[in-house]
Amino acid sequence: QVKKDRAAVDKVFFMRICRIVRIMVPRLFCKETWYLTMIAVMLVARTYCDVWMIQNGTMIESGIISRDITLFKRHFFSYITVIPWIALVNNLLKFGLNELKLRFRERLTKHLYDEYLKGYTYYKMGNLDNRIANADQLLTQDVERFCNSVVDLYSNLSKPLLDIGLYIFKLTTAIGAQGPASMMAYLLISGLFLTRMRRPIGKMTVTEQKFEGEYRYVNSRLITNSEEIAFYNGNVREKQTIHSTFKKLVDHLHNFIFFRFSMGMVDDIIAKYLATVVGYLSVSRPFLNLTDPRHLNSTHSELLEDYYQSGRMLLRMSQALGRIVLAGREMTRLSGFTTRITELMKVLKDLNSGKYERTMVSLSEKGTALTIPGSGRIINIDNIIRFEHTPLATPNGDVLIRDLSFEVGFLKLLWPLFGGSLTKPERGKLFYVPQRPYMTLGSLRDQVIYPDTYEDQKKKGISDQVLKEYLDNVQLGHILDREGSWDAVQDWMDVLSGGEKQRMAMARLFYHKPQFAILDECTSAVSVDVEDYIYSHCRKVGITLFTVSHRKSLWKHHEYYLHMDGRGNYDFKPITSETVEFGS
């Protein structure tokens, strides 16, 4: 069993964060660095604005209490003058934070999709490897939450740290070093205590995202397979599955809410209210000590002015200390998202280097075990497909053929090679047409030329008139007439019937003109006469066909057959007049 990485704020967490940050901030001089610098400058400016507001507000109140109109007017009008600049600083800070979140998400998403859509990795993750259950959630929702959490943490730590540094300097000058030192000691002790208390949050966040992904998956399965479920009258069973999955999520969220409620009580008491108590005790000492030389000759007005200014600074400092302690809670939650993103990156790296981890069935037969996935040898040569002593097995280890050797192929390279060697043309010269063809999002032209783009079509020198001939060859010319343009956009998976989708896939085959084509029950919804024309046209244009089918009508278009007995053995023979045709 694969050991799951734990989510905790420790050395491993900081190493993982650094690896991911290098992806989101790839160079010293880039837009992300500019926004990080801008946010830091705005945080400093905002801290200075806060200090100025405290000092100016104290002078306004002093003018009111002492009935000094000149003092009141001077600081009151200063406040009105500065208001637009303070508003600008606040909103520039918000703008920078939102832009940085978006840019981090853009960088990380592009990096992950570059890895996810490299070769057949997207297929391997869902079919050959079972470490990641809900890649869609990881690539979308978890990436967004991770980026938001990182930027919020940057802001929530930087501002309080700046506040503390500035207020310590100001307060040490005003009331001595003992008050700020007491607050810092309290921060250290309470921070260590709360960090220990919050440890379960990281693990609970990982579990929450896992259950959210499972719940979304069972809902998407219902939509994807609604027709089949309806034929089986499976609505009651599906409802039970959805309710069961949702109950797991809800039960976990109830526990998480109660834990956060309990931690919220502790956080509020320690990080907010007790911090304020320490602040009151620290700021009151020089005022309540009647022998303190600082206030031996101070008037009541001077005492009041000094207390307001020092008290408010110490209060702000205690609030900043509280925010740092509370930022630990966000950091613990971030550790959960970091664990999931890191796990995704590790699996993508493994898959792109040919490493799989999957629960396998027993591979042992007659004392001999198959080798591990990916251990075979692939040779790329044009115009030939050759298997040499290759065990043919499904991704989870079900043996179809123990030792396959012949000079034609019949599976596209989606499954891993368990041994032997496979000689085949390079990717692109071997085309696969499945029973349920994929219709991409886009125009009518995109359906024919997929996965090419319009620019690729023009580079190949294939005109729209030639595309029209491909559609006519499979008796789909009426669709172009109906839509009126190659650029017409529809939901083609829904608009086209099963037979039309299969014929569209064959038109796509004519467009690409590969050396070899593997046809997997790809004309099961097409009439025999249309099927006969399509196969004849493929042979006419020089495409070598390998067909998986149960139709007897297709034997005449082939020269060899491969038959598996289901026990690991096979027959590969030429088709002659004496061959007994099987199928329907």
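Computed from a predicted model, the values in this text were never measured in an experiment. (Residues numbered from 1 in each chain as written. Predicted model: local features only at pLDDT ≥ 70, side-chain atom pairs only at ≥ 80, totals over all residues. Heavy atoms only, no water.)

## Quick notes on the overall build of the protein
The test is simple: Only runs of H or I of at least four residues qualify as helices and only runs of E of at least two qualify as strands under DSSP, and these elements are numbered from the N terminus. Accessible area is worked out with a 1.4 Å probe on protein chains only. A residue is then buried under 20% of its type maximum, exposed over 50%, and partly exposed in between. Working rule for contacts: check all heavy atoms of both residues, and any pair within 4.5 Å makes them a contact. Per-residue and other accessible areas follow the Shrake-Rupley method at a 1.4 Å probe size, with only the shown protein chains counted as cover for residues.
When helices and strands are tallied, the protein shows 17 helices and 13 strands. Classification of the 584 residues of the protein by burial places 43% in the buried group. For the protein, long-range pairs separated by at least 24 residues make up 77% of all intrachain contacts whose partners lie at least 6 apart in sequence. Summed over all atoms, the accessible surface of the protein reaches about 32,100 Å², with 58% contributed by carbon and sulfur.

## A few points about the pattern of salt bridges
Note the following rule: Salt bridges, as used here, are contacts in which a Lys or Arg side-chain nitrogen is within 4 Å of a carboxyl oxygen on Asp or Glu.
The full count for this structure, using the stated rule, is 18 salt bridges. D152 is the partner of K101 in a salt bridge, and the nearest nitrogen-oxygen pair spans 3.0 Å. Residue K101 is located in helix α3 (residues 69-116), and its partner D152 is located in helix α5 (residues 135-175); the two are separated by 51 residues in the primary sequence. Here D152 falls in the partly exposed class, since its relative accessible area comes to 26%. Between K248 and E214 there is a salt bridge, with its nearest N and O atoms 3.3 Å apart. Taken together, the residues K248 in helix α9 (residues 235-288) and E214 in helix α7 (residues 200-224) connect sequence positions 34 residues apart. Three or more residues are tied together by salt bridges with common partners; here these are K210, E214 and K248.

## Structural notes on the nonpolar core
Selection criterion: We define the nonpolar core as a collection of buried residues of types Ala, Val, Leu, Ile, Met, Phe, Trp, Tyr and Cys that are connected through side-chain atoms lying within 4.5 Å of one another.
Counting 41 residues, the largest nonpolar core has M24, F104, L108, L112, M125 and F146 as its most contacted members. Breaking this core down by element, the ones donating at least two residues are α1 (11-24), α2 (31-65), α3, α5 and α10 (300-352). By residue number, the principal contributor to this core is α10, which donates 10 residues. The residues touching M125, leaving out its near neighbours within four places in the chain, are Y116, I132, A135, L344, V347, L348 and L351. Formed by 35 residues, the second largest nonpolar core is a distinct cluster that contains W486, W492, L496 and L545.

## Describing the UniProt feature "transmembrane region" (unreviewed entry) in the protein
Test applied: UniProt positions are given in the numbering used here, feature names are shortened, and annotations may be inferred rather than shown by experiment.
Taking the numbering used here, the UniProt-annotated feature "transmembrane region" (unreviewed entry) corresponds to residues 34-55, 76-93 and 167-194. As annotated, residues 34-55 comprises 100% helix and 0% strand, and the C-alpha atoms at either end are separated by 32 Å. Annotated as 100% helix and 0% strand, the span residues 76-93 places its first and last C-alpha atoms 26 Å apart.

## A word on unusual backbone geometry
The peptide bond linking Y450 to P451 adopts the cis configuration, its omega dihedral lying at 5°. Within the secondary structure layout, P451 lies in the loop between α11 (444-449) and α12 (454-459). Of note in the backbone geometry, Q475 takes a positive phi value of approximately 60° without being a glycine. Following the sequence through the fold, Q475 ends up in the loop between α13 (464-473) and α14 (477-483). Taking the relative accessible area as the measure of exposure, Q475 reaches 43% and is therefore partly exposed. Even without being glycine, K513 reaches a positive phi, approximately 45°. Owing to a relative accessible area of 47%, K513 belongs among the partly exposed residues under this scheme.

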